[in-house]
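Each chain, written out:
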Amino acid sequence: MKNLIYRFRVAIAVFICFWGIALSFMFAGQLSKIIARVFNLKLDPGFTGGTVAAVIDDEENDDAGCGNLVYPQSSKFKQGCLDLVEYTVHQPVYNAIWQTHKDYWALDMDFASEADDVRNITVYFGIKNKKENPKLAPLASSAATLFKGAENVSFNKEYPWNFVLWIAGSKGRVFDAGGNFITDVQMNITDGGRKVQVRIPLYDKNLQRLYTAEETFHYVLCGAYSDYEEGGFMAIESNASLSRGSVKNPEEYNPQIPKVYDVLGSNKYLAAAELMPVSVEMTVSENSK
């Protein structure tokens, strides 16, 4: 009887592994808990996005930028769809089995309400080590945005970024601080658009420095997506329209106002247009050695 139960558990595990690419995105953290509790089996973290390094909560109902932005009038923009409420950083994964990319880094974003490809998100991130390998050339860095004037913000010069993940609607790409394209990313948008899951392939030699990073710092910016704007951030004007954001009080309109409805951390830095990052300690796990 025990042998029969064991074979049943193994068969279930094999089924899940062969459907791993879809299931790992669909269930992410829930899947490993279900497997562990029901079948008493341990699932490799690489199957579900890698070991979680940090889960960062962001204040709800703070999706008015520096305090006075209004969503475009299009019905696609449901209230709260640009309101980031949780950001999850995983440890990078090495040599994962039954995955589209065996080496990757996963980031998850949760929003307050549903969305239909209306978000334009930029995740600027930097890699920091106490001691840099002298044999490696320094990474390119920047305190400006990827596209000049796209977000109408800048970054703290003490924390310049090395790479940026740009999500335009349902497509994601990574660039370095020199503006060079690095890679497309694997994306999954679930829960009616509330959850955005990203896996960044780590085949680029410079991105692989994430494996030994002691700390990463993140600037996460969310705006309204537009095909017609460089960098994808929809313009903000004094009066509302279907294809433009606006301000609550037209007299407060400024063409240099940040085109960002929410950031990870405090929105107060948007008023100064110079953002501060959120730091994440990265612990090298057995899965990423």
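See the structure printed just above.
As the structure is a computational prediction, the values presented were derived from the model and not from experiment.

This brings us to the packing of aromatic side chains. All told, the structure shown has 11 aromatic pairs when counted by the stated rule. When the ring of tyrosine 124 is compared with that of phenylalanine 155, the centres are 4.6 Å apart and the planes differ by 50°; the resulting orientation is tilted. Of this pair, tyrosine 124 sits in strand β5 (residues 119-128) while phenylalanine 155 sits in strand β6 (residues 154-155), and the two are 31 residues apart along the sequence. Looking at tyrosine 124, the relative accessible area reads 0%, which means it is buried. We classify phenylalanine 155 as buried; its relative accessible area is 0%. Pairing phenylalanine 147 with tryptophan 166 gives two aromatic rings, centres 5.1 Å apart and planes at 65°, and the pair type is edge-to-face. Here phenylalanine 147 is found in the loop between β5 and β6, whereas its partner tryptophan 166 is found in strand β7 (residues 163-168), with 19 residues between them in sequence. A relative accessible area of 23% means that phenylalanine 147 is categorised as partly exposed. Here the basic side chain of arginine 119 rests over the ring of phenylalanine 111, its NZ or CZ set 3.8 Å away from the ring centre.

Counting across every chain of the model gives 6 salt bridges. In this structure, the salt-bridge partner of lysine 195 is aspartate 110, at a minimum N-O distance of 3.1 Å. Pair noted here: lysine 195 is in strand β11 (residues 195-201) and aspartate 110 is in strand β4 (residues 104-111), with a separation of 85 residues, a long-range link. Note that arginine 244 is salt-bridged to glutamate 237, the shortest N-O span being 3.5 Å. By sharing partners, the salt bridges in this structure join Lys78, Glu114, Asp191 and Arg194 into a single network.

Within the element layout of this structure, glycine 231 appears in the loop between β12 (215-224) and β13 (236-237). Between the C-alpha atoms of glycine 231 and asparagine 120, which are 111 residues apart in sequence, the distance is 8.5 Å. Once you skip the residues sitting within four places of it in the chain, glycine 231 turns out to touch Asn120, Phe147, Ala150 and Trp166.

With that out of the way, let us pick up empty space enclosed by the protein. This model, assessed by the stated rule, comprises 3 cavities of 30 Å³ or more. Taken as a whole, the largest cavity holds about 60 Å³ of empty space. In terms of lining residues, the largest cavity is bounded by Tyr219, Val220, Leu221, Val263, Leu264, Ser266, Tyr269, Leu275 and Met276. When residues of the lining of the largest cavity are assigned to their parent elements, the largest contribution, 3 residues, is made by β12. Its residues assigned to classes, the lining of the largest cavity shows 8 nonpolar, 1 polar and no charged.

Conventions used here
- Residues numbered from 1 in each chain as written.
- Predicted model: local features only at pLDDT ≥ 70, side-chain atom pairs only at ≥ 80, totals over all residues.
- Heavy atoms only, no water.
- Phe/Tyr/Trp six-rings, centres within 6.5 Å; stacked < 30°, edge-to-face > 60°.
- Helix = DSSP H or I, 4+ residues; strand = E, 2+ residues; numbered from the N terminus.
- Buried < 20%, exposed > 50% of the residue type's maximum accessible area, 1.4 Å probe, protein only.
- Lys NZ or Arg CZ within 6 Å of the ring centre and 35° of its normal.
- Salt bridge = Lys/Arg side-chain N within 4 Å of Asp/Glu carboxyl O.
- Contact = heavy atoms within 4.5 Å.
- 1 Å grid on protein atoms, 1.4 Å probe; cavity = no way out; pocket = protein on both sides within 12 Å on 5 of 7 lines; lining within 4 Å.
- Points joined across faces, edges and corners; volume = space filled by probe spheres on them.
- Nonpolar A, V, L, I, M, F, W, Y, C, P; charged D, E, K, R; others polar.

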